[in-house]
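Report on the structure
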Amino acid sequence: MSRELFVTLSAGLEEVTGQEVIWRLPDSRLLAADSGKVFFSSDASPEDTLGLRSVNHVHVVAAHLDGIDSGAQGLEQIEALASAVDFLPGAFASAEINPWKTDPPTFRVTGYRSGEQEYGSMDVAARVGAGVVARHGWPVDLESYDVEIVAYLTDDRLLMGTRLTREGSLHRRHRVGVGKSTLKASVAFSLCWLADLHGAQALVDPLCGAATIPTEAALQWPHLDVIGGDRSADELDLARRNVELTGAAVSLCRWDCRELPLARSSVDRIVSDLPFGRRVGSHQKNVHLYPRMVREMGRVLEPGGLMVALTLERKLFTRLIDRSPVLHIERVIGISLSGLRPSVYLVRRG
Ligand SMILES: C[S@@+](CC[C@H](N)C(=O)[O-])C[C@H]1O[C@@H](n2cnc3c(N)ncnc32)[C@H](O)[C@@H]1O
């Protein structure tokens, strides 16, 4: 049975998710991509859609409508629309993954809002909830709900659906815990995808933290030699436990990324999430760290090798690559991540 689905992800990485959808669920058809969302139709089972690794959440589309008023009348429109929508197909799909505890199922609504409305996301959620009660008579249970309905209001556009995933990608996958600056697993996967790992041999993440990138790489591309290292013993302890949890074949090493114990030209891929200098560290520390780090990455990368680096230090990083005699930037992709706007750099060793 073909369903219309939408997945959420870090805005800027829609191209990766579109490619992953077609690769992993080949019977799918891409319908649209919007900032942080990809829409597609698919015959895949709900369980199979959860195999998508570049996404935060997976949903069955219930309805979308443009022209929602930004004033109080908008809330009336939202409730009227929700009461006219059949949420049962999405609820049945969700039950294939998390069977209902009661029949009829309990539900909750999570609302998201961006734009210039006179009301908030909680108002949107409440009105959608009222519509669902009017239509289906399901009881609300905010804690141990059977069905999660989502409502995204973006400017005047309302999108409603049923969520199939229970937790977002920061907590969902292979985590015994998260560190100070742990990356979303979905973004880690997308960075690996951009590194074109199918034909690669070895991947190094010289600042691996909780090993999110090495774990995604080793699980998805088991032919790779994957090495992760970090200076922090605490992060490496977390990395070890995360790697053990999944059985991913990752070698971990405590090191300083400015002096890697790796031979010149010995790896063909580096994928790393560099210190942003925000939650941990500072711009000043990065000014000291980045020059030797970039030089060292250039040393261990083999000619023709590719580095995929995520950073908020755009000026600093670009200046260093521009000055490097061996590295050059092939592509830059701006993304949205937890309220910040870092960039992904694809850097080739000449
Ligand atoms: C942005 S975090 C990486 C987070 C990681 N991707 C994850 O998901 O947990 C940057 C990491 O760089 C490490 N780091 C900072 N300076 C370093 C250095 N000189 N050598 C090695 N690692 C360093 C920090 O300990 C931190 O874990």
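Residues numbered from 1 in each chain as written. Predicted model: local features only at pLDDT ≥ 70, side-chain atom pairs only at ≥ 80, totals over all residues. Heavy atoms only, no water.

1. Some remarks on the overall build of the protein
How we decide: Helix and strand definitions here come from DSSP, where helices need a minimum of 4 consecutive H or I residues and strands a minimum of 2 consecutive E residues; each element is numbered from the N-terminal end. Here the globule rule reads 2.2 Å times residues to the power 0.38, and the radius of gyration is calculated from C-alpha atoms. When a residue's accessible area, from a 1.4 Å probe over protein chains only, is under 20% of the maximum for its type it is buried; when over 50% it is exposed; and in between it is partly exposed. By definition, residues are in contact when any of their heavy atoms lie within 4.5 Å. The protein chains shown are the only cover counted for residues, whose accessible areas, like all others here, come from Shrake-Rupley with a 1.4 Å probe.
Within the protein one finds 11 helices and 14 strands. Whereas a compact globule of 350 residues would reach a radius of gyration of roughly 20 Å, the protein reaches 22 Å, a difference of no more than 12%. Overall size of the protein, expressed as C-alpha extent along the three principal axes, is 65 × 40 × 35 Å. Of all 350 residues assigned to the protein, the portion counted as buried reaches 54%. Partitioning the contacts of the protein with sequence separation of at least 6, the portion at a separation of at least 24 is 74%. Taken as a whole, the protein presents about 15,200 Å² of accessible surface, with 49% of it coming from carbon and sulfur.

2. Digging into the site of the ligand
As a reminder of what qualifies: Nearness is defined per residue: one heavy atom within 4 Å of the molecule or strand is enough. Pairs of N or O atoms within 3.5 Å make up the polar contacts considered here, provided that, within protein, one atom can donate a hydrogen while the other can accept it, and that residues adjacent in sequence are counted only when both atoms are side-chain atoms. Cavities and pockets were defined on a 1 Å grid built over protein atoms only: a cavity is a set of grid points that admits a 1.4 Å probe from which the probe cannot escape, a pocket is an open set flanked by protein on both sides within 12 Å along at least five of seven lines, and lining residues are those with an atom within 4 Å of any such point. To decide whether a molecule occupies a pocket or cavity, check its atoms: if more than half lie within 2 Å of the grid points, it is inside. Each residue receives one of three labels: charged for Asp, Glu, Lys and Arg, nonpolar for Ala, Val, Leu, Ile, Met, Phe, Trp, Tyr, Cys and Pro, and polar for the others, Gly being one of them.
Around the ligand sit 20 residues, and of these Leu-183, Ala-210, Thr-212, Asp-230 and Asp-273 come closest. Between the ligand and Thr-212, the relevant distance is 2.5 Å, taken from an oxygen atom to a side-chain nitrogen or oxygen of the residue. In this structure, Arg-231 approaches the ligand through a main-chain N or O atom, which is 3.2 Å from a nitrogen atom. Look at the ligand: alone it shows 600 Å² of surface, and the protein chains cover 92% of it. Applying the majority rule of atoms within 2 Å of the grid points places the ligand in the largest pocket. Residue classes in the shell around the ligand are distributed as 9 nonpolar, 5 polar and 6 charged.

3. Description of the packing of aromatic side chains
The test is simple: Here the aromatic set is Phe, Tyr and Trp, taking the six-membered ring for Trp, and pairing holds for ring centres within 6.5 Å; pairs whose planes are under 30 degrees apart are stacked, those over 60 apart are edge-to-face, and all others are tilted.
In this structure the tally under the stated criterion is 9 aromatic pairs. Taking 4.9 Å as the distance between ring centres and 55° as the angle between the ring planes, the aromatic pair formed by Phe-317 and Tyr-345 counts as tilted. Highlighted residues: Phe-317 in helix H11 (residues 314-323) and Tyr-345 in strand S14 (residues 343-349), separated in sequence by 28 residues. A residue is classified by how much of its surface remains accessible, and Phe-317, at 0% relative accessible area, is buried. What links up through ring pairs into an aromatic cluster is the set Phe-6, Phe-39, Tyr-112 and Tyr-152.

4. Quick look at the side chain of Asp-268
Basically, it comes down to this: Here Asp and Glu are counted as negative and Lys and Arg as positive; His is not counted, and neither are the chain ends. Put simply, a salt bridge is a Lys or Arg side-chain nitrogen that is within 4 Å of an Asp or Glu carboxyl oxygen.
One can find Asp-268 in strand S11 (residues 267-273). Among buried charged residues, Asp-268 stands out as having no salt bridge; its nearest opposite-charge side chain is Arg-269, 4.2 Å away. In contact with Asp-268, other than residues within four places in its own chain, are Ala-200, Gln-201, Ala-202, Leu-301, Glu-302, Gly-305 and Leu-306.

5. So, the environment of Val-300
In this fold, Val-300 is placed in helix H10 (residues 283-300). Considering only alpha carbons, one finds Val-300 and Asp-268, 32 residues apart in sequence, at a separation of 8.6 Å. Not counting the four nearest positions on each side in its chain, Val-300 is found in contact with Leu-260, Leu-262, Ala-263, Arg-264, Ser-265, Ser-266, Val-267 and Ile-270.

6. Section: the domain arrangement of the protein
Selection criterion: Where each domain begins and ends is defined by an automated method or by a domain database.
Structurally, the protein comprises domain 1 (3-169) and domain 2 (171-349). Inter-centroid distance (C-alpha atoms) of domain 1 to domain 2 is 32 Å. Contact with domain 1, which involves 19 residues of that partner, is made by 23 residues of domain 2. One can count 2 salt bridges joining domain 1 with domain 2. A salt bridge links Arg-53 to Glu-216, with the shortest nitrogen-to-oxygen separation between them at 3.0 Å. For the pair domain 1 and domain 2, the interface holds 6 residue pairs in polar contact (both at pLDDT 80 or more). With 6 residues, helix H1 (residues 14-24) is the largest single contributor of residues to the side of domain 1 that touches domain 2. Grouping the amino acids of the side of domain 1 that touches domain 2 by side-chain chemistry returns 6 nonpolar, 8 polar and 5 charged.

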